[in-house]
Amino acid sequence: MKIGVFICHCGSNIEGTVDTAAVAEAAMAFPEVVYAKDLMYACSEPGQDAVIEAVREKGLDGVVVASCTPRMHEPTFRRAIERAGLNRYMLEMANIREHVSWIGKNREANTNKAVDLVNIAVEKLRRDRPLTPKSFDITRRALVIGGGVAGIQAALDLADGGKEVILVERTSSIGGKMAQLDKTFPTVDCSSCVLGPKMVDVAQHPNITLYAYSEVEEVSGYVGNFDVKLRKKATYVDWAKCTGCGACMEKCPSKKSLDRFNEGMGGAPAINIPFPQATPKKAVIDAEYCRQFVKGKCGVCAKICPTGAINYDMKDEIIEVKVGAIIAATGYDLFDYTKYGEYGGGRYPDVITSLQYERLLSASGPTEGHIKRPSDGKEPKTIVFIQCVGSRDKSVDRPYCTGFCCMYTAKQAILTKDHIPDSQSYVFYMDIRAPGKLYDEFTRRGIEEYGTRYIRGRVSMIVPKNGGLLVRGADTLLGQQVEVEADLVVLAVGAEAAKGARQLAEKLRISFDNYGYFMESHPKLRPVETNTAGVFLAGCAQGPKDIPASVGQGSAAAAKVLGLFSKEQLENDPQISQVDIKRCVGCGKCESTCPFGAIHMIDFRGQPKAEVIETVCQGCGICAVTCPQGAVQLSHFTDNQILTEVEALCLF
Amino acid sequence: MPVLEGRELRIVGFLCNWCSYGGADVAGVGRLTQPTDLRIIRVPCSGRIDPLFIVKAFLGGADGVLVSGCHPRDCHFSSGNFYARRRLEVLKGMLPVLGIEAGRFEYTWVSASEGQRWQHVVTSFTEQIHALGASPVKAVLAPEGPGLKPKGGDSAAA
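Criteria and thresholds
- Residues numbered from 1 in each chain as written.
- Chains lettered and ligands numbered in written order.
- Predicted model: local features only at pLDDT ≥ 70, side-chain atom pairs only at ≥ 80, totals over all residues.
- Heavy atoms only, no water.
- Helix = DSSP H or I, 4+ residues; strand = E, 2+ residues; numbered from the N terminus.
- Buried < 20%, exposed > 50% of the residue type's maximum accessible area, 1.4 Å probe, protein only.
- Contact = heavy atoms within 4.5 Å.
- Areas by Shrake-Rupley, 256 points an atom, 1.4 Å probe, with all protein chains shown as cover.
- Lys, Arg positive; Asp, Glu negative; His and termini not counted.
- Charge placed at Lys NZ, Arg CZ, Asp CG, Glu CD.
- Phe/Tyr/Trp six-rings, centres within 6.5 Å; stacked < 30°, edge-to-face > 60°.
- Lys NZ or Arg CZ within 6 Å of the ring centre and 35° of its normal.
- Patch = residues over 30% accessible without salt bridge, like charges linked within 9 Å, V, L, I, M, F, W, Y side chains within 5 Å.
- Salt bridge = Lys/Arg side-chain N within 4 Å of Asp/Glu carboxyl O.

Here's the deal with the overall build of chain A
Piece 1. Of regular secondary structure, chain A possesses 19 helices and 34 strands.
Piece 2. Taken over the C-alpha atoms alone, chain A extends approximately 85 × 70 × 40 Å along its principal axes.
Piece 3. Every one of the 652 residues in chain A was classed for burial, and the buried ones make up 56%.
Piece 4. Within chain A, counting contacts between residues at least 6 apart in sequence, those at least 24 apart form 70% of the total.
Piece 5. For chain A, the computed accessible surface area is about 26900 Å², with 49% contributed by carbon and sulfur atoms.
Piece 6. In chain A, the 77 positive side-chain charges and the 78 negative ones have mean positions that sit 4 Å from each other.

This is the structure we're talking about:
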């Protein structure tokens, strides 16, 4: 075998703290290395050309590139050596940037370490064999989880692209958080007027199957061929018969069900359609409050329903679907502000969240668009907005900036002035973050045209006073204490990962960060992909973002799925397990440990033997360790390869 | 290549490609300074790590071995880290029996977003190994060392 080693300078990123020429020189001493060279930028076109030229001129059989992490450029260099006529799997990389040059400044130690990493790459490459991927068919149908604006956009784009879409929504209507908003910044256009038509499109699109009031129960399979079980929760209303007339809601004697859509402002009937534009516009019974379930008798809705849709005996239903790709767009939930004792910890009815305030502003809300404070229904004249409630605060484990609160607070202050012209709004803020098209102009308008008073500082306490609330805080620009007697306090609560996001991530086999937001494959270059092939992200499930960004991500994820589905067939990664049939004793341990069902037992001349289903195997190698005979080996991560890497690193 | 005499010890790391390897990348991108002793071997899953690899490293004179995978319930292959945890926990109990101090081997969970955590893990593990000093295996098995002898054997014969 003839091996070529290429050490990348990466400008000064590597060369700055690693003597690449010395690494190249040392590499020449390793077995079967016939050529070693340092390159300015290995990934650039001249760099790749130099690799290709060397492969051809020196007749190399394999290439080691010592540069950045293989998670970045392994595909680049695989393609490069393929262009040079080699099998793309005859490549190994040594990570001498992220794991060496960027984490230490000692040039001698770094050079020494880089040589070691090249050494193990050479030793591994010596035991690599050319591999060929296998092709398999794709199910050209996508699953979108979450019917907020990101999921809606993704579903519509996919459906318009001619692909079947299954849209799953946990609540009884799509629309998500955006449907709860009254107006949107910076245009102050009506949220439901913008979103409504899209929701109708979803309902009417022939390519979209909507499962509302359903959740993902189980996911198995792999890119191109996922098997998904959905739990269609019992609504106790036959949706095929329900016309959404709302007669049941009017007559229902129980009015204390939690009105989730109105953020708990006012009660809802136990049988409910959350809002007029709900899609699908179908009723759901809340069994916790329904008298039929709680007391065992009532049946008013069953009597009143003109189509006889009520069915108290309904059970959850499991639906199995096959899809080729999944988009997770599960959105966010609001930070629980009661953790802040200084804002009353939930004791004062007139301290409300921004989304509750949004419902008060909305014409479809509990007060029909008139701002009335919860305690006595009076119109508030002085309103205090407090920003960064559950954002940028390490003490409540939310060090990140939610990003959109500054803007919606500015919007709510403007809307307040529109609703109540003789009102005065105060905003306690840390910094105003308005980095978007027309965003800063919008906040300035709030200050200059609508007279919103911005006070830079935090609020230290809120106490009841004269039927209102005394808000005491600091003005850090003036360096003095401020007191505002407010009629209503609105907390700009931050976003946090949706409830159940971690459990869903586990089902989808994707990662999440410390706060439960799903991890993208690369923060800049692969923002809607995950590290699990075939699973994509959109919207706030990946991290807090505003509506334009969520919509953009919905479209981006749809484009990725359409790209995937445009292929005739998919190719597997051939770095998978292989069974040495001579060594296999047919014990079946590998079959029982494989998380993918990729190993099955076959009859070979009367003896049981394990066989790997090549297109199902995902290359984890659990079977290889389980096999008591060493009969299962993971290509490119064989026992011998890893042991030889260990040997290369150890001293004797 | 020998370790830097007197300054570095030999620490071998086995890292899952999907989480800790990425976490180490994130630490690099963030320029989070770490000691230089560690050499990382990339594996597709912590479930791919045969305890044999770790024993082999110690017999080869490694002063410390660090394994890092995905947090429980966050495995890229859904259950690989559970297999790893069982195997490595057993190994951890066995190493002292082989004469290798317990502190020379650790396994930990670091996700692809936890660059700072990775920096902390590497730094504290390296400190721990430096506190323990060079592996006792070295004195016995190194080429210039006495080698393994049967109990009560004649040293002159070796």
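Notes on the packing of aromatic side chains
Piece 1. Applying the stated criterion across every chain, the model contains 19 aromatic pairs over all chains.
Piece 2. Both rings, one in W18 of chain B and one in F77 of chain B, keep their centres 6.4 Å apart while their planes meet at 80°; by these two values the pair is edge-to-face. On the criterion of sequence distance, the pair formed by W18 of chain B in the loop between strand 1 (11-16) and helix 1 (20-29) and F77 of chain B in the loop between strand 3 (64-69) and helix 3 (80-94) is long-range, its members being 59 residues apart.
Piece 3. For W18 of chain B, a relative accessible area of 22% corresponds to the partly exposed category.
Piece 4. Overall, the relative accessible area of 4% leaves F77 of chain B in the buried class.
Piece 5. Each member of the aromatic cluster is reached from another via a ring pair, and the members are Y236, F293 and Y312 of chain A.
Piece 6. For K124 of chain A, the ring lying beneath its charged end belongs to F637 of chain A, and the centroid distance is 4.1 Å.
Piece 7. Stacked on the ring of Y21 of chain B, the Lys or Arg R42 of chain B has its end atom at 5.6 Å from the ring centre.

Let's talk about a negative patch on the surface
Piece 1. On the surface, E45, D49, E53 and E57 of chain A cluster together into a patch of negative charge.
Piece 2. By relative accessible area, E57 of chain A is classed as exposed at 60%.

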